[in-house]
Structure formats: structure tokens, C-alpha cells
Amino acid sequence: MTETMRAIEITEPGGPEVLKPTSRPMPQPAAGQVVLKVAYAGVNRPDALQRAGSYAPPPGASDLPGLEASGEVVALGAGVDSLSLGDKVCALLPGGGYAEYVATPAAHCLPVPKGMGMKEAACLPETFFTVWSNVFQRGGLQAGERFLVHGGSSGIGTTAIQLAHHFGARVFATAGSEAKCKACLDLGADRAINYRDEDFVSVMKEEGGANLILDMVGGDYLPRNVKSLAEDGRLVQIAFLQGPKVELNFALVMVRRLTITGSTLRPQSDLAKARIAESLREKVWPLLDAGKVAPVMDSEFPMDQAAEAHARMESSGHIGKIVLKVSG
Ligand SMILES: NC(=O)c1ccc[n+]([C@@H]2O[C@H](COP(=O)([O-])OP(=O)(O)OC[C@H]3O[C@@H](n4cnc5c(N)ncnc54)[C@H](OP(=O)(O)O)[C@@H]3O)[C@@H](O)[C@H]2O)c1
């Protein structure tokens, strides 16, 4: 292996244009880690937040963007016996996916599902770890419950719709166009709500209220989500695209026995992420192997066009996942 590799770095906080090709030293695997030769890297909204300067990498993580990738194991750190050189995996990354090589804990790698290409596999970890841990583990979604996901056509939304539908929930999704609403229905949503034409609070109240809401919008959605919940309903917050500060009448939370919670994946400990990986391996990977659930692909860009990939994501014109081709 060479001593340097090609990567995309964030030259300064700013718009997509601050993403520039660069050369960096090859990553070395620490104990418990592997190094992957990256085939494809998934693009996620948190990458854009990091690029803009509002989502700093946790201590010790690479400053390069990229939270997920598919690739081949090319180096093993001390103590790694769960993977072998040459294994094809997809992995949750602490950062650094927009690069030819990346180091990550072996316990955060999962096999490329049967029959799935490296391109699609690169798009699994960030959204599947996030949706599984927030909707099913934290939110406790049960079969027969009414589940509302905002941003239904996003990478997160398309994953949440499919998994919630598969596990027997009645699924509601909001999205900002008719084409996006159709995509949500095609993925298994029982009802898609175009939020530009319809009020999701009225829709959910008519249905008896949501038992669980997964929200990334925040802002005025927070009080509206609270009004949309059924008694004993749960709201899981994973981002605040419209801002985190609002005025909220907590009397409703008390009277209707609501739970408001949330989480971010990236700052969690390696052990916490390994536990999510194990649960995914057991409960969700069989569905991917069987083709019952699959990532929704929007578009592919060469790694050197990461700026164009971010511009596409921030236009919100996309449906599903955007991916960078690195060496695949
Ligand atoms: N907490 C965590 O651990 C975690 C992990 C991963 C991602 N996230 C968050 O989850 C969200 C989705 O991530 P993703 O990668 O799936 O992103 P994405 O594909 O870019 O989806 C974001 C979607 O949100 C919708 N949206 C609604 N209001 C918006 C607004 N004010 N500004 C921009 N978009 C708005 C857009 O669809 P419409 O056109 O329908 O509005 C857009 O497609 C992001 O906010 C991300 O930061 C959180």
C-alpha cells in the first residue's frame, strides 16, 4: 500500500464548494479496528452540517467527512478476529469515508447483504443504525401502532418507512412534493401527507393520533408533533432542520402521558454502536439478504464531485440516498 491516499477535505466552514480533493496519510488500524479500501461512500445530511461548521467531529475522529462506506478489508488491527483480509463489508464510520481508505472498529462492520452491490451497501449503515436505534430500540415501535415519519423521502425516511411497514406498523409519512409522496407510498407507507397542501396534525388526529413520531425538522413541528400524538405517544427527535428552540405547552405532555426523547449516533461510544450493529445483524440483515428491504438510490457522483453531491442533497430534490464512487 502507498503512504498517501486521495480524499475530500473540508477546507473551511461553508457551502459545498469548500469540499476539495486532497492527499492524506494512509490510516492505520488501531486495536480492534480494520482499514477498508473504500468502494463507495454514502452521503448524509450530517456531512453537510459538518461541512457548514455546525456538527464538529467527536474527539479522536477523522476531520474528513463521511459516516458510512462499503469496501474491502485490507488491514487488521490487533485483536480483530471477526473479519479477514479481503472481506467485503459495509461499515459505520467515525468519519473519513470520503477517502480511498478509512479505519473503523471491526464491530461496526456488517456483511454486504446477499445479492446487493457495493454501491447500495454503502448506503446502509448511517440510516439503518439511526432508524433501528431510534424507532425500534428507543421509540419501541410495536406492530399495529401508528407511526409518523417526517422527511419520508429522505435517506432516513425511506429506511424508516420500509422497516416500520415490515414490522407491522401503520405508517404515515410527510414529504414536500407529490413525487416524494408517491415514493413513500411505493415503499409501504399507508398514507403520505404532502405538507405543502395538508396539515399533518389534522390527518393524525382523524386517525386517532400517532403512537410514535420520528422527527428531524423541529421548529414549529415540535408543538405540532405534540398535538399529533395519541395518549402515551412518543416523539423521537433526531435533528432540527428548522431549529431546536420553540415554545411548547408541556401541560399536554403531562396530561396525555407523552414521552419526548432523541439521540445522535455519531458521539455515542464504540460499544453502544457495536450493540446496535449486533441487533441489526440479527433482526434486520436477514431482511436485506432476502431483498425484503433495500436502500432507495437517488444518484451517484465520483468522489472528486463531492461538492456537486452536497449541492444535490441540499437542493432537497433527491429521493433516497446519494453516493460517492471512490474505487468501486
Ligand atoms: N440523530 C442522528 O443520529 C442522525 C443520524 C443521521 C441523520 N440524522 C438527521 O436526519 C435527517 C435526515 O438525514 P438524511 O441524510 O436522510 O437527509 P436528507 O436525505 O437530505 O433528508 C432531509 C429531508 O428533510 C426534508 N426537510 C423537511 N424540512 C426541511 C428543512 N427545513 N430543511 C431541509 N430539509 C427539510 C427534505 O424533504 P422535503 O422536500 O420533503 O421537505 C429533505 O429531503 C437530517 O436532518 C440528519 O441530520 C440524524
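Relevant structure appears above.
Scope of this entry: the structure provided in the associated data block.

All told, the structure shown has zero disulfides when counted by the stated rule. With no disulfide partner, Cys90 has as its closest neighbouring cysteine sulfur the one in Cys109, 8.2 Å distant. The class for Cys90 is buried, based on a relative accessible area of 1%. Not part of a disulfide, Cys184 finds its nearest cysteine sulfur in Cys181, a span of 6.0 Å. The buried category is assigned to Cys184, whose relative accessible area is 1%.

Bringing the packing of helix 3 (residues 125-138) against helix 4 (residues 155-166) into the picture now. If you want to describe how two helices pack, look at the angle between their axes and the distance between the axes. The geometry of helix 3 relative to helix 4 is characterised by a closest axis approach of 9 Å and an angle of 55° between their N-to-C directions. The angle between the axes of helix 3 and helix 4 places the two elements in the oblique class. The handedness of the crossing between helix 3 and helix 4 comes out as right-handed. For the pair helix 3 and helix 4, contact is made by Thr127, Phe128, Thr130, Val131 and Phe136 and by Gly155, Ile156, Thr159, Ala160, Leu163 and Ala164, respectively. Looking at side-chain class alone, the contact of helix 3 with helix 4 contains seven nonpolar, four polar and no charged residues.

Attention now goes to the pairing of strand 8 (residues 146-149). Pairing of strand 8 with strand 9 (residues 170-175), which is carried by four bridges, proceeds in the parallel orientation. Each residue of the ladder has a partner; that of Phe147, found in strand 9, is Val171. Alignment of strand 8 against strand 11 (residues 210-215), held across three bridges, turns out to be parallel. Across the sheet, the residue bridging to Phe147 is Leu212, located in strand 11.

Turning our eyes to something else, we now look at the environment of Gly152. By the element assignment, Gly152 lies in the loop between strand 8 and helix 4. Once you skip the residues sitting within four places of it in the chain, Gly152 turns out to touch Gly157, Thr158, Ile161, Ala173, Thr174 and Cys184.

A separate point is the pattern of salt bridges. Applying the stated criterion across every chain, the model contains 16 salt bridges. Between Arg234 and Glu145 there is a salt bridge, and its shortest N-O distance comes to 2.8 Å. On the criterion of sequence distance, the pair formed by Arg234 in strand 12 (residues 229-237) and Glu145 in the loop between helix 3 and strand 8 is long-range, its members being 89 residues apart. With a relative accessible area of 15%, Arg234 lands in the buried category. For Arg312, the salt bridge goes to Asp298, with nearest N and O atoms at 2.8 Å. Here Asp298 lies in strand 14 (residues 297-302) and Arg312 lies in helix 11 (residues 306-315), a separation of 14 residues in the sequence. You can call Arg312 partly exposed: its relative accessible area is 29%. One salt-bridge network, in which partners are shared between bridges, spans Arg6, Glu100 and Asp304.

About the criteria used
Residues numbered from 1 in each chain as written. Predicted model: local features only at pLDDT ≥ 70, side-chain atom pairs only at ≥ 80, totals over all residues. Heavy atoms only, no water. Disulfide = S-S within 2.5 Å. Buried < 20%, exposed > 50% of the residue type's maximum accessible area, 1.4 Å probe, protein only. Axes fitted to C-alpha atoms, helices over the stretch in contact; angles between N-to-C directions. Helix = DSSP H or I, 4+ residues; strand = E, 2+ residues; numbered from the N terminus. Parallel < 35°, antiparallel > 145°, perpendicular 65-115°, else oblique. Left-handed = near helix turned anticlockwise from the far one by under 90°. Contact = heavy atoms within 4.5 Å. Nonpolar A, V, L, I, M, F, W, Y, C, P; charged D, E, K, R; others polar. Pairing = 2+ DSSP bridges. Salt bridge = Lys/Arg side-chain N within 4 Å of Asp/Glu carboxyl O.

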